[in-house]
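As a plain string of letters, each chain reads:
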Amino acid sequence: MKAPIRVSVVLPVWNGERFLAEAVESVLSQTLGTIELLLIDDGSTDATPEIARGFAERDPRVRVIRLDRSGIAHALNAGIAHAQGEFVARMDGDDICHPSRLMKQIAHLDANADCVAVGSAIEIMDEAGEHVGTGTYPQNHDGITKTLIDGRATAMAHPTVMMRREVLLAVGGYRPDAVPSEDLDLWFRLSRVGTLANMRERLLRYRRHANTISIRERALQCTVSIGIINEARRRQGLRPLKPRPAWVGRSRVASYHYECARIALLTGPRAAAIRHARATIASEPWWPRPYVALLACAVPQWTLRILAGLAARFRSLNQR
């Protein structure tokens, strides 16, 4: 008798031919066997449909759902609607799962009935797959919700999260009007019906590149995010936060390399910081930030982390 599907991995993709195969293989190599992988092709015009179809033909755990171009929220909701598992795990077409990711997250949810969603820490790599640093997040519900309401940092890494499907449907799934901050909006709604958690382990390799939404739509994401946060603050009787300026006018290439340099300065190898700072300068030689990043390579990493924490605290106070 066939074992029931416990986890439906929902992977939306649009023109993701470059990295898709590696992402899919990391899901199909999971130590947890009772899974399905839903590839939601959001109207791709490159080789993505052929890559997805090839995996579906070779592995019965893979199902392909082909949509006309409709956007990330619609694609995610289509995946959730087709999901057969008790849990829904998010995955992006440019990241790589640790082999035991799903097994460890399902064990956490099984052991914590009040937990509705669990994410994890991440390793951060550049578009070439080279290590540039790490990302860590608050592990308990109180820490996550405080980070959310303060708007100081990312509280959960979207492609690492596993959620209870029943709860996800009950809160209405993803809201299209919250894009490109649809994950932030969902965390607030989920936090009102259960607890959120992050695992300490790095269970996903998260890829930075010039076409990620956080770079491609940075200004819009900042605007939408502050609106979502301030609506949540209004519910709690808190004063609204002031918008934070985005890096307006920077090319995607320069923004990508600078972000990698910044991450490497704080949590990764100095060689990566220098490499990406130099690439930023080559792209936009009149932007002062990458020169500051190069100079910062001479400062001990622990000192930079303290300074970054103080700067974040100052920005938080200045927003109020």
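Everything that follows concerns the structure shown earlier in this document.
**Q** What exactly am I supposed to notice about the overall build of the protein chain here?
**A** Helix and strand content of the protein chain: 13 helices and nine strands. Over its C-alpha atoms the protein chain spans a radius of gyration of 20 Å, differing by no more than 12% from the 20 Å that the globule rule assigns to 320 residues. A total of 320 residues make up the protein chain; the buried ones form 53% of that total. Residue pairs at least 24 apart in sequence account for 77% of intrachain contacts in the protein chain once pairs closer than 6 positions are excluded. Accessible surface, the protein chain: about 14900 Å² in total, of which carbon and sulfur atoms supply 56%.

**Q** Please explain helix α1 (residues 20-28) as it appears in this structure.
**A** Counting along an α-helix, one turn takes 3.6 residues, and residues three or four places apart therefore face a common direction. Taken together, the buried positions of α1 are occupied by Leu20, Ala23, Val24, Ser26, Val27 and Leu28. Each element contacted by the buried residues of α1 is listed here: β1 (7-13), β2 (35-42), α2 (48-58), β3 (62-67) and β5 (96-97).

**Q** Just checking my understanding: could you explain the packing of aromatic side chains for this structure?
**A** Going through the model one piece at a time under the given rule, you end up with one aromatic pair. Geometrically, the ring pair formed by tyrosine 258 and tryptophan 287 is tilted, given 5.1 Å between the ring centres and 50 degrees between the ring planes. Residue tyrosine 258 is located in helix α10 (residues 252-267), and its partner tryptophan 287 is located in the loop between α11 (270-283) and α12 (289-296); the two are separated by 29 residues in the primary sequence. Like tryptophan 287, tyrosine 258 is buried. In this arrangement the basic side chain of arginine 58 is found over the ring face of phenylalanine 55, its NZ or CZ atom lying 4.8 Å from the centre. The ring of tryptophan 14 has arginine 69 sitting right over it, with the charged end atom 3.9 Å from the ring centre.

**Q** Explanation requested: the pattern of salt bridges in the structure shown.
**A** Per the counting criterion, the structure on display carries 22 salt bridges. Linking aspartate 92 and arginine 90 is a salt bridge whose minimum nitrogen-to-oxygen distance equals 2.7 Å. Notably, a salt bridge pairs aspartate 185 with arginine 189, separated by 2.8 Å at the nearest N-O pair. In this pair, aspartate 185 and arginine 189 both sit in helix α7 (residues 182-191), four residues apart, roughly one turn of the helix. Ionic contacts of the salt-bridge type, sharing partners, join the residues Arg175, Asp177, Asp185 and Arg189 into one network.

**Q** I would appreciate a short explanation of the packing of helix α5 (residues 141-150) against helix α9 (residues 218-235) in the present structure.
**A** For any two helices packed against each other, one specifies the crossing angle of their axes together with the interaxial distance. Put simply, α5 and α9 touch, their axes get as near as 8 Å, and they point 110 degrees apart. Between α5 and α9, the angle falls in the class roughly perpendicular. Residues Leu148, Ile149 and Asp150 of α5 touch α9, and the partners they reach there are Ile229, Ala232 and Arg233. In terms of residue class, the contact of α5 with α9 is made up of four nonpolar, no polar and two charged.

**Q** Can you help me understand α12 in this one?
**A** Those residues of α12 that fall on the buried side of the exposure criterion are Pro290, Ala293 and Ala296. Projected onto a plane normal to the axis of α12, the buried residues spread over an arc of 110 degrees and lie on a single side. Counted as exposed and oriented over 90 degrees from the buried face of α12: Val292 and Leu295.

**Q** So what exactly am I meant to see when it comes to the pairing of β1 here?
**A** Two faces make up the sheet, and in a regular strand the side chains alternate between them. Buried residues dominate β1, accounting for seven of its seven residues. Side chains Val7, Val9, Leu11 and Val13 of β1 all project onto a buried face; the interleaved residues Ser8, Val10 and Pro12 project onto the opposite face, where all are buried too. The sheet contact formed by β1 and β2 spans seven bridges and is parallel. Each bridged residue has a counterpart across the sheet, and for serine 8 the counterpart in β2 is glutamate 36. A crossover links β1 with its parallel partner β2, the connecting element being α1, and its sense is right-handed. Examined bridge by bridge, β1 and strand β4 (residues 87-90) share four bridges and lie parallel to one another. Paired with valine 9 across the strands is alanine 89, a residue of β4.

**Q** Would you explain the nonpolar core in this entry?
**A** The tendency in soluble globular proteins is for nonpolar side chains to be buried as a group. Grouped together as the largest cluster of nonpolar side chains are 55 residues, with contacts concentrated most on Val7, Val9, Leu11, Leu37, Met91, Leu102 and Met162. With nine residues, the top contributor of residues to this core is α10. With residues up to four places along the chain from it excluded, the contact list for valine 7 reads Leu32, Thr34, Ile35, Glu36, Gly85, Phe87, Ala89, Leu102, Ile106 and Met162. The next biggest cluster of nonpolar side chains, apart from the first, holds 39 residues, and it includes Leu76, Ile144, Leu168 and Leu186.

**Q** How should the environment of proline 176 be read in this particular structure?
**A** Among the secondary structure elements, proline 176 is positioned in the loop between α6 (165-170) and α7. By relative accessible area, proline 176 is classed as partly exposed at 43%. The spacing of proline 176 and leucine 76 is 100 residues in sequence and 10.0 Å in space, taken between C-alpha atoms.

**Q** Could you clarify how one ought to interpret the environment of serine 214 in this entry?
**A** As for its placement among the helices and strands, serine 214 is situated in helix α8 (residues 213-216). Residues serine 214 and serine 255 lie 41 residues apart in sequence; the distance between their C-alpha atoms is 9.9 Å. In contact with serine 214, not counting residues within four places along its chain, are Arg208 and Gln221. At 3.3 Å, the side chain of serine 214 forms a polar contact with the side chain of arginine 208.

Conventions and cut-offs
- Residues numbered from 1 in each chain as written.
- Predicted model: local features only at pLDDT ≥ 70, side-chain atom pairs only at ≥ 80, totals over all residues.
- Heavy atoms only, no water.
- Helix = DSSP H or I, 4+ residues; strand = E, 2+ residues; numbered from the N terminus.
- Rg over C-alpha atoms; globule rule 2.2 N^0.38 Å.
- Buried < 20%, exposed > 50% of the residue type's maximum accessible area, 1.4 Å probe, protein only.
- Contact = heavy atoms within 4.5 Å.
- Areas by Shrake-Rupley, 256 points an atom, 1.4 Å probe, with all protein chains shown as cover.
- Phe/Tyr/Trp six-rings, centres within 6.5 Å; stacked < 30°, edge-to-face > 60°.
- Lys NZ or Arg CZ within 6 Å of the ring centre and 35° of its normal.
- Salt bridge = Lys/Arg side-chain N within 4 Å of Asp/Glu carboxyl O.
- Axes fitted to C-alpha atoms, helices over the stretch in contact; angles between N-to-C directions.
- Parallel < 35°, antiparallel > 145°, perpendicular 65-115°, else oblique.
- Nonpolar A, V, L, I, M, F, W, Y, C, P; charged D, E, K, R; others polar.
- Arc of directions from axis to C-beta.
- Pairing = 2+ DSSP bridges.
- Right-handed = clockwise from strand over helix to strand, strands pointing away.
- Core = buried A, V, L, I, M, F, W, Y, C linked by side-chain atoms within 4.5 Å.
- Polar contact = N/O pair within 3.5 Å; in protein donor to acceptor, adjacent residues only side chain to side chain.

Coordinates in, geometry out; function isn't part of it.
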